[in-house]
Amino acid sequence: MRSKLEGKVPEAAIEYCIKLWELYPFQFKVNRKRLSKLGDYRYDPRAQSHTVTVNTDLNPYQFLITYIHEVAHRVVHKPRSRQLPHGVQWKSKFQELMLPMLNPSVFPDDVLRVLAKHMKNPKASTAADPKLVKVLAQYDVHTASQPILESVIIGEEFFLRKRKFRKLEVRRTRALCLDLANNKRYLISQIAEISPINKEATAESPKVVPTKKSKKVNSTANNQINLFE
């Protein structure tokens, strides 16, 4: 377990992470990069086994937060229970398990201040907290070369997952975007990593007609592009 954690979480957190693994046994896997999630927890009822996975490409602070997030799922899991995955039980346990790590020996000051506020009412994913996403992104190796949707101005086009979109308007932490292939509109997280399009190549693109505020966009899974679990 130690060999899997070394270099992945802050050095000051390694012993604590091992202790959680000893107290609440589970299989631990470091997975390749996944666009849809940072990590996950799974229970196999046949083998009665618990498995926690975390993506290998995360910076040490995001890796630690994700690890504890998933361990909290493992601790509160009850077979055949109807409790919500990110309900009261999970939030309470996540707060409890994260508390010992909220100190400057583990997190840098800028992350610690934002994370402490986030933990007062933790969300299902750090991706749902734009301030936390931004401060953690500063410690990503690829940050400087990979723009995010927030940097795209209204009316500009961009690529996301090999699909071409035009940004129409901003709605809090998401942006309403038009898929230029199927002419459908999607709500996409403002912190989604995108590939910009050469402006000269899109100079002849038709102007965007502003969306009427009274028109609602269905927020079902078919109309949202969720990049994180």
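Everything here concerns the structure above.
Criteria and thresholds
- Residues numbered from 1 in each chain as written.
- Predicted model: local features only at pLDDT ≥ 70, side-chain atom pairs only at ≥ 80, totals over all residues.
- Heavy atoms only, no water.
- Helix = DSSP H or I, 4+ residues; strand = E, 2+ residues; numbered from the N terminus.
- Contact = heavy atoms within 4.5 Å.
- Areas by Shrake-Rupley, 256 points an atom, 1.4 Å probe, with all protein chains shown as cover.
- Phe/Tyr/Trp six-rings, centres within 6.5 Å; stacked < 30°, edge-to-face > 60°.
- Buried < 20%, exposed > 50% of the residue type's maximum accessible area, 1.4 Å probe, protein only.
- Core = buried A, V, L, I, M, F, W, Y, C linked by side-chain atoms within 4.5 Å.
- Arc of directions from axis to C-beta.
- Pairing = 2+ DSSP bridges.
- Axes fitted to C-alpha atoms, helices over the stretch in contact; angles between N-to-C directions.
- Salt bridge = Lys/Arg side-chain N within 4 Å of Asp/Glu carboxyl O.

> What's the story with the overall build of the protein in this structure? I'm lost.
Across its full length, the protein holds 6 helices and 9 strands. Contacts spanning at least 24 positions in sequence make up 56% of the contacts within the protein whose residues lie at least 6 apart. Only carbon and sulfur atoms are counted for the fraction: they give 52% of the accessible area of the protein, which is about 13700 Å².

> Looking at this structure, how should I read the packing of aromatic side chains?
To describe a pair of aromatic rings, one takes the distance between the centres and the angle between the planes. Using the criterion set out here, one finds 8 aromatic pairs in the structure. Ring geometry for Y61 against F107: centres 5.9 Å apart, planes inclined by 45°, an arrangement best described as tilted. In this pair, Y61 is assigned in helix α3 (residues 60–76) and F107 in the loop between α4 (88–98) and α5 (109–118), connecting sequence segments 46 residues apart. An identical accessibility class is assigned to Y61 and F107; each is buried. Geometrically, the ring pair formed by F158 and F165 is stacked, given 5.6 Å between the ring centres and 15° between the ring planes. The exposure class of F158 is buried, given its relative accessible area of 0%. Residue F165 is classed as buried on the basis of its relative accessible area, which comes to 0%. Three or more aromatic residues link up through ring pairs in this structure, and these residues are F26, F28, F63 and Y67.

> Whenever I open this one, the nonpolar core confuses me. Can you help?
Side chains of a nonpolar character, in soluble globular proteins, are inclined to be buried together. In this structure, L5, F28, L64, Y67, I68, M101 and F107 are the most contacted members of the largest nonpolar core, which totals 39 residues. Within the residue set of this core, elements represented by two or more residues are α2 (14–23), β3 (49–55), α3, α4, α5 and α6 (130–137). One finds V152, F158, L160 and F165 within the second-largest nonpolar core, a separate group that totals 11 residues.

> Could you clarify how one ought to interpret α5 in this entry?
All of the buried residues along α5 are V111, L112, L115 and H118. Mapping the buried residues of α5 onto a view down its axis gives an arc of 125°, with all of them on the same face. Looking at α5, the residues exposed on the side facing more than 90 degrees away from the buried face are D109, R113 and K117. Those residues of α5 that are buried lie in contact with α3 and α6.

> I keep staring at the sheet that holds strand β2 (residues 39–44) and nothing clicks. Help me out?
Each strand in a sheet pairs with another by means of backbone hydrogen bonds, the pair being arranged parallel or else antiparallel. One open sheet accounts for 3 strands, arranged β1-β3-β2; its pairing is mixed. Looking at the sheet topology across the chains shown, the edges are occupied by β1 (27–31) and β2. Taking the axes of each pair of neighbouring strands and ignoring which way they run, one obtains an average angle of 20° across the sheet. Bridge analysis of β1 against β3 gives 5 bridges, and the strand direction is parallel. Considered in β3, the bridge of V30 is made with V54. Seen against the sheet, α3 touches β1, β2 and β3 and runs at an angle of roughly 160° to β3.

> Help me understand the pattern of salt bridges, please; the structure alone is not making it clear to me.
Where side chains of opposite charge bring their charged atoms close, a pairing between them can arise. According to the stated counting rule, one finds 12 salt bridges in the structure shown. Here R2 and E15 are joined by a salt bridge, their closest N and O atoms 2.8 Å apart. Of the two residues, R2 is situated in helix α1 (residues 2–5) and E15 in helix α2; the sequence distance between them amounts to 13 residues. Take R2: its relative accessible area is 37%, and that puts it in the partly exposed class. E15 sits in the partly exposed class, given a relative accessible area of 48%. Of the charged contacts, one joins K37 and D40 as a salt bridge, the two residues approaching to 3.2 Å between their closest N and O atoms. K37 gets classed as buried once you look at its relative accessible area, which sits at 13%. Residues joined in a network through salt bridges with shared partners are R34, K37, D40 and R42.

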